[in-house]
Every structure is written in structure tokens, then in C-alpha cells.
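Coordinates in review
Here's the letter readout for the chains.
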Amino acid sequence: MNTPVRLAGFAAAVAAVFGVALLVGATVGPVSDPAGSTHDSDHSGASGSEDSTEVSAAEDIPGGLMTSGNGYSLALGEVNLAPGEDRELTFVINGPGGVPVTEYDVEHEKELHLIAVRRDFTGYQHIHPVLDENTGIWSADVDLTPGTWRILTDFVPTGGEPLTLGADLAVGGEFLPAAPAVDNRIAVVGDYEVTLDGDLRAGEDATLTVTVTKDGEPVTDLQPYLGAYGHLVALRAGDLAYLHVHPDGTPDDGTTRPGPEVVFHTDVPSAGRYHLYLDFRHDGVVRTAAFTLTADGAGDAHAEPGVPAEHSHSGR
Ligand SMILES: [Cu+2]
């Protein structure tokens, strides 16, 4: 019962902080009324408008930025890991009422996708932890270098909405933060060279095409991985927001070719730099190609309240 109220308040707070006009639909007009927004509790009794409010509020915030959302929370077993090689990472997803979730829907062939990315983007792992269905405890072996990592969990609790929750994890040891990234459209992974074509523009649908070659020859026999010929993750520099990327076509649709090109669709919310990680499978091995792209456009509408958007460009 509290969730819709809390989300409505949160949505209003976001609107107030960022000056964003939330697309919450006509039924929730009072949210955009500054006078009554943050304390408006009328929605809790207005059955029928609650669902649209919840969904819209969730859609306006990119995934992975929050540790708790929609009544679910990510709780890491340890938030500081000692230096060493392999480590076991454990966590639970607590659901409504604080009870660990034990049932998940399968999405992209797995019940939960875990992305571990070092905050300076020098490390990335996409792994699939194992669930103890009795306790709700997930566990995975990770091999993380020293530094601060973001752990992102992408899942669908059975009966709930798709959700990506994130939490920081510190790994002990000496480390040197990497220099800021530069744009990079060509990734070399062993004998493979992968190029990325297409441009990102804030708030607009983008088509990204990756082309895989091995020893200079186009690869035409990519193997399915997670229900597609590639799996692409996009993370926003600065806050590591986790953005949805959809593959164009599936291996069994009769038209999608197994390389050398794989096409994806995405929609980034703001201008600025993004890090993209492509997992692809060939000769039975999954490899990861990393790219960096800068989105242009007027997507930095999240300027300070009352400050004209032009002012945010004064440093350029
Ligand atoms: Cu996965």
C-alpha cells in the first residue's frame, strides 16, 4: 500500500530536482502541480491510476542507479572484498516485506544477469550467478581487480516488473584509476576485430551495427548467445546508468544472419559519453568487445532548475 505513495512522492521529487516534466499521463495531473506535489496522497486511494504512475516513474529513471526500487532491494553479502584471485560474491534480492525473492522469470535465457563493472571502466564481467531456491541467496565466483566496482543485477521477479538494481562493491588492494576514456569504435579481442557503426543521439532511437572479423575475414558463423547473435550492454559514463539495448532479430527467426553484422537498437536519455560492451560467441567461446561513444543532442535537459540550458554549455 505504501509503494504507490512513495513512488509518486519520489517521482515528484525527481521532477522538482531536475525540472523534468514527467510523462505520467493525464490521470496523475496533480504530480506536476508544484504546490501539492510532494505531499499529495490522493493517489493512494485512486485505484486504477496507481499502476500507470508506478510504471512511468520507473521508466523515467535509467536502470542500475538505485539499490532499491519498486519494493525490491539488492543486498550484497559483503561490500568489501579482500585482495585475492577468485572470490565468491553472494547477494539476495529482497522483495516486498523484506523477504528474499526465490522465483524469477527467465529473460534472455537466464533468471538473473549480473554485470560487474569497475567504476573507471577498466574491468567488466557479465556473469550468471546460481540461485539457492530455498534461501534466495545468489552466488557467483568473481575475479575482480582492486578498485570500486558497480554490481548491476538485471532480473524479473515472478509477478513483478523487469528491474535493474545496483550496488557498489569495494575490492581491496592498490590500484591506479584509469585516465578518462576516449571514443573508440574498434575493439580488438585476441584474433578478432569488432567495429561499431551508428551514432547515439539523446532521446532518439539509435541503430548500432557491430561487424565481427577474425584474422581480417568476416565471421559468418557466430553462435547464439543469450537468445541472440550478440548481447550489448550500454552504461553511461559518470553514473553507470544501465541502458536497455535490444538485438534486431533472433537466430531462429529465419532472416537474421549469424554475422558478420549484428544490429542493435537503443535509446540513450542524455548527451555525453557511453561505454558499450558486446558479448559474442564464436568457436564455443564468449568474448567481450568494449567500445566508447559520445551521444550528441540536446539531451542534457537535466540542467539545474531555473538555469537556462545554454549555460550548461559555457565550458565548451
Ligand atoms: Cu546475462
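In this text, all values refer to a predicted model and were calculated from it rather than measured experimentally.

**Observations concerning the overall build of the protein**
Across its full length, the protein holds two helices and 20 strands. In the protein, buried positions account for 28% of the 316 residues. The contacts of the protein with a sequence gap of at least 6 include a subset with a gap of at least 24, amounting to 64%.

**Observations regarding the confidence of the model for the protein**
In the predicted model, the protein carries a mean pLDDT of 81, and the fraction of residues at 70 or more is 75%. Low pLDDT, under 50, characterises residues 1–56; the stretch is placed with 58 contacts to residues that sit more than four places away or in other chains.

**A few points about the pairing of strand β19 (residues 272–282)**
Of the strand pairs in this sheet, strand β15 (residues 231–236) and β19 are connected by six bridges, and their pairing is antiparallel. The residue bridging Ala234 from the neighbouring strand is Leu276, located in β19. Pairing of β19 with strand β20 (residues 285–295), which is carried by eleven bridges, proceeds in the antiparallel orientation. Residue Tyr274 lies in a different strand from β20, and its bridge partner there is Leu293. Linkage of β19 to β20, two consecutive antiparallel strands, is achieved through a turn of two residues, within which Asp283 is found at a positive phi near 55°.

**Description of the environment of Asp221**
Note on placement: Asp221 falls in the loop between β14 (217–218) and β15. Linking Asp221 and Pro258, residues 37 residues apart in sequence, is a C-alpha distance of 5.2 Å. Apart from the residues lying within four places of it in its own chain, the contact partners of Asp221 are Pro258 and Gly259.

**Topic: the sheet that holds strand β16 (residues 242–243)**
Read from one edge to the other, the open sheet built from four strands follows the order β16-β15-β19-β20, with strand pairing classed as antiparallel. Among the strands making up the open sheet, the edge pair consists of β16 and β20.

**A look at the sheet that holds strand β8 (residues 137–142)**
Strand pairing in a sheet is mediated by backbone hydrogen bonds. Such pairs are either parallel or antiparallel. With antiparallel pairing, five strands are arranged side by side in an open sheet as β1-β2-β4-β8-β7. Each edge of the open sheet is held by one strand with a lone partner, namely β1 (68–69) and β7 (130–132). The pairing of strand β4 (residues 87–94) with β8 spans six bridges and is antiparallel. Residue Arg87 lies in a different strand from β8, and its bridge partner there is Val142.

**Details of the nonpolar core**
Counting residues in hydrophobic clusters, the biggest one holds 56 residues, and the most contacted among them are Val233, Ala234, Leu235, Tyr274, Leu276 and Leu278. When residues of this core are assigned to domains, at least three map to each of domain 2 (68–171) and domain 3 (186–295). Apart from the residues lying within four places of it in its own chain, the contact partners of Leu278 are Val194, Val210, Gly230, Leu232, Thr288 and Ala289.

**Side note on the pairing of β15**
The buried count for β15 comes to six of six residues, which makes it a mostly enclosed element. Residue alternation in β15 divides its side chains into two sets, His231, Val233 and Leu235 and Leu232, Ala234 and Arg236, and both sets are buried. Both β15 and β16 contribute to a ladder of two bridges, which runs antiparallel. Its bridge partner lying in β16, Leu235 is registered against Tyr242. From the end of β15 to the start of β16, which pair antiparallel, there are five residues, and Gly238 there has a positive phi angle of about 100°.

**Notes on unusual backbone geometry**
A cis amide bond links Gly259 with the next residue in sequence, Pro260, at an omega value of 0°. The residue Pro260 is located in the loop between β17 (245–247) and β18 (261–267) in this model. For Phe121, which is not a glycine, the phi torsion comes out positive at approximately 65°. Assignment of secondary structure puts Phe121 in the loop between β5 (112–118) and β6 (124–127). Given 18 C-beta atoms within 10 Å, Phe121 falls into the partly exposed group. One non-glycine residue with positive phi stands out, namely Leu226, at about 55°.

**A look at the environment of Arg257**
Within the secondary structure layout, Arg257 lies in the loop between β17 and β18. Exposure remark for Arg257: the 14 C-beta atoms within 10 Å place this residue in the partly exposed category. A sequence separation of 35 residues divides Arg257 from Leu222, and the C-alpha atoms of the two residues are 8.7 Å apart.

**Focus on the environment of His246**
Within the secondary structure, His246 sits in strand β17. Accessibility expressed as a C-beta count within 10 Å gives 12 for His246, which makes it exposed. Sequence spacing of His246 and Asp267 is 21 residues, and the spatial spacing of their C-alpha atoms is 9.7 Å.

The rules we used
- Residues numbered from 1 in each chain as written.
- Predicted model: local features only at pLDDT ≥ 70, side-chain atom pairs only at ≥ 80, totals over all residues.
- Helix = DSSP H or I, 4+ residues; strand = E, 2+ residues; numbered from the N terminus.
- Buried ≥ 20, exposed ≤ 12 C-beta atoms within 10 Å, placed from the backbone.
- Contact = placed C-beta atoms within 7 Å.
- pLDDT = per-residue confidence, 0-100.
- Pairing = 2+ DSSP bridges.
- Core = buried A, V, L, I, M, F, W, Y, C linked by C-beta atoms within 7 Å.
- Domains from an automatic or database assignment.

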